[in-house]
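Architecture and fold: a report
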Amino acid sequence: MTGSGPNNQKKNVWLGTLEAGLFMEKSVRLFPDDKKAGLLSFLVPLLLPLLWVYPLAVVPTQRMGDRGYFGLLSIHLPIEALVIAVFFPVLWYVTKFLNKTEHFWRTVVMCNFIGIAEFALMVPLLVMVMLGIHSWDEIYAMLIVVMFYQIALTGFVIAYSLNVPWQFAGGLAFMTMFIDQSVSKTVFFLMGIEQGALI
């Protein structure tokens, strides 16, 4: 990785996030590959809901209703934490099985930081909803596109950080969607949240 000081490392991570979001192979070398950086990177998926939950509070969806900002956070933060608690142990087992544990923490950092690229893609959609330009139902198709972008990006990260075939990485990426959907539906069921509504 280029740069050795803390400031250089931070710059490299932000540049790497941008390049990874554009599916650039060289982005892999910009991410740190140590346990401390990996553990700190978990702050990213746990802090991002503080941003994307706000539009859900401003313009309530049919499914979530008018629960308020902190009410929505009390639902989505546990979901994020549970997804992390399920997916990354599975990723560790996979890296151990493939004898690639030396790249595990770099993969963790990349998987967590690409959430920023995914959120950046959602920002224009969220702004349009908050401004009343479009409704949640009207942007639903674009949210599906963002979801597939997220899956493709996760597959890209796993493929190039672990140096495994795209087909294998793609399977793991789809597994993240399955975990996310399963955890979300379980939490929604336990909290009595409507399951029929799309959004």
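Preceding block: the structure.
Definitions and cut-offs
- Residues numbered from 1 in each chain as written.
- Predicted model: local features only at pLDDT ≥ 70, side-chain atom pairs only at ≥ 80, totals over all residues.
- Heavy atoms only, no water.
- Patch = residues over 30% accessible without salt bridge, like charges linked within 9 Å, V, L, I, M, F, W, Y side chains within 5 Å.
- Areas by Shrake-Rupley, 256 points an atom, 1.4 Å probe, with all protein chains shown as cover.
- Salt bridge = Lys/Arg side-chain N within 4 Å of Asp/Glu carboxyl O.
- Helix = DSSP H or I, 4+ residues; strand = E, 2+ residues; numbered from the N terminus.
- Polar contact = N/O pair within 3.5 Å; in protein donor to acceptor, adjacent residues only side chain to side chain.
- Contact = heavy atoms within 4.5 Å.
- Buried < 20%, exposed > 50% of the residue type's maximum accessible area, 1.4 Å probe, protein only.
- Core = buried A, V, L, I, M, F, W, Y, C linked by side-chain atoms within 4.5 Å.
- Phe/Tyr/Trp six-rings, centres within 6.5 Å; stacked < 30°, edge-to-face > 60°.
- Axes fitted to C-alpha atoms, helices over the stretch in contact; angles between N-to-C directions.
- Left-handed = near helix turned anticlockwise from the far one by under 90°.
- Parallel < 35°, antiparallel > 145°, perpendicular 65-115°, else oblique.
- Nonpolar A, V, L, I, M, F, W, Y, C, P; charged D, E, K, R; others polar.

**Concerning a nonpolar patch on the surface**
On the surface, a cluster of nonpolar side chains totalling about 600 Å² of accessible area is made up of Tyr54, Val58, Val123, Val127, Met130, Leu131 and Ile133. Among the elements of the structure, α4 (49-58) and α6 (104-130) are those that each provide at least two residues to the nonpolar patch. Take the nonpolar patch: its biggest share by element is 3 residues, from α6.

**With respect to the side chain of Ser41**
Note that Ser41 resides in helix α2 (residues 35-41). Only 2.6 Å separates the side chain of Ser41 from the backbone oxygen of Gly38, close enough to count as a polar contact. Those residues within four positions of Ser41 in sequence are excluded, and the remaining contacts are Val108, Val109, Asn112 and Phe113.

**What to know about the environment of Ile179**
Residue placement: Ile179 occurs in helix α8 (residues 166-190). On the basis of relative accessible area, Ile179 is assigned to the buried category, the value being 7%. Ile179 sits 97 residues away from Leu82 along the chain, and the two C-alpha atoms are 9.2 Å apart. Setting aside residues up to four positions removed in sequence, Ile179 forms contacts with Val83, Val86 and Phe87.

**Section: the nonpolar core**
Formed by 53 residues in total, the largest nonpolar core has its most connected members in Trp52, Ile75, Ile79, Phe88 and Ile158. Put simply, the parts of the chain that give this core at least two residues each are α1 (6-21), α4, α5 (69-97), α6, α7 (140-162) and α8. Of all the elements, α6 adds the most residues to this core, at 12 residues. Sequence-distant contacts of Phe88, defined by excluding residues within four places in its chain, comprise Phe42, Phe104, Val108, Cys111 and Asn112.

**A word on α4**
Listed in full, the buried residues belonging to α4 are Pro49, Trp52, Val53, Pro55, Leu56 and Ala57. Looking at the packing, one finds that the buried side of α4 touches α3 (43-47), α5 and α6.

**Comments concerning the packing of aromatic side chains**
A full pass over the atoms with the stated rule returns 12 aromatic pairs. Ring plane angle 75° and centroid distance 5.5 Å describe the contact between Phe23 and Phe156, whose orientation is recorded as edge-to-face. In this pair, Phe23 is assigned in the loop between α1 and α2 and Phe156 in helix α7, connecting sequence segments 133 residues apart. For the ring pair Tyr54 and Tyr69, a centre distance of 6.4 Å and an interplane angle of 65° mean the geometry is edge-to-face. Taken together, the positions of Tyr54 in helix α4 and Tyr69 in helix α5 put the pair 15 residues apart, joining distant regions of the chain. Judged by relative accessible area, which is 24%, Tyr69 ranks as partly exposed. Every member of this aromatic cluster is reached through a ring pair, and the members are Phe23, Tyr149, Phe156, Tyr160 and Trp166.

**A few points about the packing of α5 against α6**
Here α5 crosses α6 at 145°, and the two axes come no closer than 10 Å. Here the hand of the crossing between α5 and α6 comes out right-handed. Every residue of α6 that contacts α5 at Phe88, Leu91, Trp92 and Thr95 is listed here: Phe104, Thr107, Val108, Cys111 and Asn112.

**Some points on the environment of Glu25**
Tracing the sequence through the fold places Glu25 in the loop between α1 and α2. Owing to a relative accessible area of 52%, Glu25 belongs among the exposed residues under this scheme. Glu25 sits 135 residues away from Tyr160 along the chain, and the two C-alpha atoms are 6.8 Å apart.

**Some remarks on the packing of α4 against α5**
For the pair α4 and α5, the least separation of the axes is 9 Å and the interaxial angle reads 135°. The orientation of α4 relative to α5 falls into the category oblique. Here α4 runs over α5; the crossing is right-handed. Facing Pro49, Leu50, Trp52, Val53, Tyr54, Leu56 and Ala57 of α4, the residues of α5 in contact are Tyr69, Leu72, Leu73, His76, Leu77 and Glu80. Along the lines of polarity and charge, the residues of the contact of α4 with α5 split into 11 nonpolar, 1 polar and 1 charged.

Purely spatial values, then, with no claim about function.
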